[in-house]
Amino acid sequence: MKNSMRHTTRLLLLSLLVLSLAGCHQSVVPTAEEQQADGCERPVRITAKILPSGAPLRANKGEVKDDPDDDPDKPFETDAKDAESQLDESRIDHVMLYVYDKDKLIRTIFYHNPKITSGMPTAFDGLEVKKFGTETGGIFTFDLMLSPGRYRFVLLVNDPKSYEEAKNGNVRDPQMIYLSQMTDERKMLNSQILMSRNTANATSLYKNDRHPRLIPMTGQAMLTIPKGNDDGTAKTVTPSIDLERVFARVELILTTANKEKEYLSPEIANYRIDNREYVDGKNSGRLTKGNFVDLVDKDWRAGTLEMLPSRGEYTATGRDMPEESRLYSDRTDEDYQQYFRDAATYRTQVTTPYADNLDESNAFYSGGSFSPMHHQRSKSRFTKFTVNVYYLYIPPMFIDGLTKEDMPYILIGINTTGKDIPEDAPAEAEQMTYFRLPITTLVSAAGGGIEEKFEVRRNTTYSIYAAFRGGRLILNDGIKVYPWRDKKYDLEVNPDDEGVDPLWKQDQP
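The structure displayed is predicted, hence computed values, not measured ones. (Residues numbered from 1 in each chain as written. Predicted model: local features only at pLDDT ≥ 70, side-chain atom pairs only at ≥ 80, totals over all residues. Heavy atoms only, no water.)

A. Focus on the overall build of the chain. Along its length, the chain carries eight helices and 27 strands. Counting across all 509 residues of the chain, residues that qualify as buried make up 52%. A fraction of 73% describes how many contacts in the chain between residues 6 or more apart in sequence connect residues 24 or more apart. (Helix = DSSP H or I, 4+ residues; strand = E, 2+ residues; numbered from the N terminus. Buried < 20%, exposed > 50% of the residue type's maximum accessible area, 1.4 Å probe, protein only. Contact = heavy atoms within 4.5 Å.)

B. Quick look at the environment of Arg276. Its place among the elements puts Arg276 in the loop between β11 (248-255) and β12 (293-298). If sequence neighbours within four positions are ignored, Arg276 has contacts with Gly285, Arg286, Ile421, Pro422, Glu423, Ala425, Pro426, Ala427 and Ala429. A distance of 3.2 Å separates the side chain of Arg276 from the backbone oxygen of Pro426, its partner in a polar contact. Within polar-contact distance, the side chain of Arg276 engages the backbone oxygen of Ala427 at 3.3 Å. (Polar contact = N/O pair within 3.5 Å; in protein donor to acceptor, adjacent residues only side chain to side chain.)

C. Up close: the environment of Pro216. Mapping Pro216 onto the fold places it in the loop between α4 (191-197) and β8 (217-225). Given the relative accessible area of 1%, Pro216 is considered buried. Setting aside its immediate chain neighbours within four residues, Pro216 contacts Val157, Asn158, Glu244, Arg245, Val246, Phe247, Leu305 and Met307.

D. Just the nonpolar core, in detail. By size, the foremost hydrophobic cluster in this structure holds 46 residues, and its most contacted members are Val250, Phe292, Leu358, Phe370, Ile410, Ile412 and Phe468. When contributions to this core are tallied by element, the ones reaching two or more residues are β11, β12, α6 (334-340), α7 (343-349), β19 (392-394), β20 (409-415), β21 (432-438) and β24 (460-469). Excluding residues that lie within four positions of it along the chain, Ile410 makes contacts with Val250, Val293, Asp294, Leu295, Leu358, Phe435, Arg436, Leu437, Ile439 and Ile464. Met96, Ala166, Leu194 and Leu327 belong to the second largest nonpolar core, which has 27 residues in total. (Core = buried A, V, L, I, M, F, W, Y, C linked by side-chain atoms within 4.5 Å.)

E. Region of interest: unusual backbone geometry. Here the amide bond leading from Thr238 into Pro239 is cis, since omega sits at -5°, within 30 degrees of zero. When you line up the elements, Pro239 lands in the loop between β9 (235-236) and β10 (241-245). You will see that Lys261, though not glycine, has its phi angle at about 60°, which is positive. Within the secondary structure, Lys261 sits in the loop between β11 and β12. On the basis of relative accessible area, Lys261 is assigned to the partly exposed category, the value being 47%.

F. Expanded view of the packing of aromatic side chains. For the structure shown, the criterion picks out 12 aromatic pairs. Arranged with centres 5.0 Å apart and planes meeting at 90°, the rings of Phe292 and Phe370 form a pair that is edge-to-face. With Phe292 in the loop between β11 and β12 and Phe370 in strand β15 (residues 369-370), the pair connects residues that are 78 residues apart, well separated along the chain. Note on accessibility: Phe292 and Phe370 belong to one class, buried. An angle of 75° between the planes, with centres 6.3 Å apart, marks the rings of Tyr391 and Tyr393 as edge-to-face. The class of Tyr391 is buried, set by a relative accessible area of 2%. Judged by its relative accessible area of 2%, Tyr393 falls in the buried class. A network of ring pairs unites the aromatic residues Tyr271, Phe292, Phe370, Phe435 and Phe468 as a single cluster. (Phe/Tyr/Trp six-rings, centres within 6.5 Å; stacked < 30°, edge-to-face > 60°.)

G. Broad picture of the sheet that holds β21. If you trace the four strands from one edge of the open sheet to the other, you get β13-β12-β20-β21, paired in antiparallel fashion. Edge strands, defined here as strands with exactly one partner in the open sheet, are β13 (353-357) and β21. Across the sheet, the mean angle separating the axes of adjacent strands is 25° when strand polarity is ignored. (Pairing = 2+ DSSP bridges. Axes fitted to C-alpha atoms, helices over the stretch in contact; angles between N-to-C directions.)

H. Spatial organisation of helix α3 (residues 160-167). Of all eight residues that make up α3, six are buried, and the element is covered over most of its length. Of the residues making up α3, those classed as buried are Pro160, Lys161, Ser162, Tyr163, Glu165 and Ala166. Buried residues along α3 sit against β2 (94-101), β3 (104-112) and β6 (149-157). Positive phi shows up at Gly169, right after α3, with a value of about 80°.

I. Region of interest: the side chain of Thr440. With respect to the secondary-structure elements, Thr440 resides in the loop between β21 and β22 (441-444). On the accessibility criterion, Thr440 (5% relative accessible area) is buried. In this structure the side chain of Thr440 is engaged in a polar contact, spanning 3.4 Å, whose partner is the backbone oxygen of Glu455.

Written as structure tokens, this is what we have:
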């Protein structure tokens, strides 16, 4: 009897051992309930897509603008073709993925473009490093191992701090806000930087830890992970995760003449720019940093990147997530609170203006006077090649209690007298006429109240359509606000020209 019991016990222990060794590799096909409950990790594939221009925005008067091309001649369209270009607002070099099971972080994976073969971080305890899948039409794929369940996914795209922390053997806290993190490029991101510093082949840009400036993006979603394929192939998870650009984009479209290139007012032929040297707008030199038009912000904002939105801020990604499942930036950080806690703090602490020019080349004038232009966009010239459009990219702005006077603005200065300005004239010379155009989205108070909020929204284009007429600057229906429109533009580039970025030459086939 005892021998029989020992034999039975041995069989039972052997069976349990076999089952434990078998683990997730079951030879018998389980039921659907068993598949969902087995807890085994299998390869899955998630997808992320860059948001198109469909996100509705509230314009100055509260109406939604869906399409700026209401003129049958489409005067605001550029002549650029949808071809390969250095000015690529959809370029993604690397993505930091965070996977949460409820509030517990269970996966951190650094994905990078398969074309980048040097300079990427290496895996360490707590961080996997992988290549993301091939991208098509702004859609990217990411493979990982997960067991069935429901998870929160957060992606930080082209985030300099994710890259720097991973290179140093650390995992970046996605909620942390980094003040003045753009130390190598303490200036606004613009079309020229995207074009001249970033090439189609990014391999060499990451040697010696050099990090090109790219458009940062973020996205998050709650996804249900089904049981993976038994054949070991990755199972695609739906829906995809939306990605939004963290910055807002600002462009200027100027008109001085009608379509027949006749000046709207004859005196425009006498308009001049301030030809004096720019000396930071202090005591001497012209007030505008650009030849005649700037985008003016504050220094701390120009150097700060808040990847995730704060609570209450406009965001176009993760909109279908329950509020308790959303991940927000940490605005309780002491350093951040010191500057951006509220409007009163902001006005006290953030006082130094920071300007960047919106007229990089002489796109708007020739021979010292303004050209007859009809809906002409600013362009950028770098030695002998030209970017057909010129944008500035600025951080979002969401601070309680702001007024229109607190917002970033376009500063335009023209000399309407036609006479030269003396070198010893003050920065704001009496011969100059200045126009200040705030960059803002005006949001009506909840419930139709009187109070209104002023914001700069992420993933948003602020297009300023302005026309000179009789010494005045006329805006077409104010500052128009549209969803971001991603376009690629042809560049006329001769790589042998003097001054062309040597990295651009090096990476060409």
